[in-house]
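Chain by chain, the residues:
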Amino acid sequence: AMCIVVTEPFVILIRYGGFTKVEVIAEATAFLLQCILTLFFVLSFPGWGLISFAIPQLIYSLTKSFIFIGYFSQIRDFSHIPVSSFRGCFPPLPPLLTPALIQDIWSFVTYTILKQLLTNGEQYVMTIFTTLSFAQQGK
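Residues numbered from 1 in each chain as written. Predicted model: local features only at pLDDT ≥ 70, side-chain atom pairs only at ≥ 80, totals over all residues. Heavy atoms only, no water.

Novice: Sorry if this is basic, but what is going on with the pattern of salt bridges here?
Specialist: Side chains bearing opposite charge may pair, as long as their charged atoms lie close to each other. For the structure shown, the criterion picks out two salt bridges. Between R15 and E23 there is a salt bridge, with its nearest N and O atoms 2.9 Å apart. On the basis of relative accessibility, which here comes to 56%, the residue R15 falls in the exposed class. The exposure class assigned to E23 is buried, which follows from its relative accessible area of 15%. In this structure, E27 engages K64 in a salt bridge whose closest nitrogen and oxygen atoms are separated by 2.7 Å. Of this pair, E27 sits in helix α2 (residues 20-44) while K64 sits in helix α3 (residues 51-74), placing them 37 residues apart in sequence. E27 sits in the partly exposed class, given a relative accessible area of 30%. With a relative accessible area of 11%, K64 lands in the buried category. (Salt bridge = Lys/Arg side-chain N within 4 Å of Asp/Glu carboxyl O. Buried < 20%, exposed > 50% of the residue type's maximum accessible area, 1.4 Å probe, protein only. Helix = DSSP H or I, 4+ residues; strand = E, 2+ residues; numbered from the N terminus.)

Next comes the structure, spelled out in structure tokens:
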């Protein structure tokens, strides 16, 4: 299902730009391949059950995705669709570490250490200063 979701921006751009021929070719090719593979898996491996339908569905999604990506990677003139480049078809990547995220991570780390010390602190003190051994502590 995730592969089909990947194709949705391309489907929207194809419909917006009026490229119905590409959509028909992609859909027909992917569906034909899915039907042939479903028939093959059901007849060849009858005991596989749901896998016989899942693999052709995945191939359908990948075929459709590759046809759309291949078509849009060949376009040089993006004036008739609302993106300026092939990269515009994909969502922007967020920065990995923002100052707010670093602050949240540091907060979680310090609270985890503080909780661990408050929960098992007396055992650490007894072990570090050898007032009681592990056996005497009951562990």
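Once the structure has been displayed, the description carries forward.
Novice: I tried to follow the packing of aromatic side chains on my own but got confused; where do I start?
Specialist: Geometry of an aromatic ring pair is reported as the spacing of the ring centres plus the angle between the planes. Taken as a whole and judged by the stated rule, the model has six aromatic pairs. Note on F41 and W48: the rings are 5.9 Å apart at their centroids and 25° apart in plane angle, and the pair reads as stacked. Between the aromatic rings of F45 and W48, the centroid separation amounts to 4.3 Å while the plane-to-plane angle is 15°, which identifies the pairing as stacked. Taken together, the ring pairs in this structure connect F40, F41, F45 and W48 into an aromatic cluster. (Phe/Tyr/Trp six-rings, centres within 6.5 Å; stacked < 30°, edge-to-face > 60°.)

Novice: Just to check I follow, could you spell out the packing of α2 against α3 for this structure?
Specialist: Packed helices, taken two at a time, are described by their axes: the angle between them and the distance between them. Close contact between α2 and α3 brings their axes to 8 Å; oriented N to C, the two are set at 155°. Relative to α3, the element α2 lies roughly antiparallel. Crossing of α2 over α3 shows right-handed handedness. Counted by class, the contact of α2 with α3 contains 16 nonpolar, six polar and three charged residues. (Axes fitted to C-alpha atoms, helices over the stretch in contact; angles between N-to-C directions. Parallel < 35°, antiparallel > 145°, perpendicular 65-115°, else oblique. Left-handed = near helix turned anticlockwise from the far one by under 90°. Nonpolar A, V, L, I, M, F, W, Y, C, P; charged D, E, K, R; others polar.)

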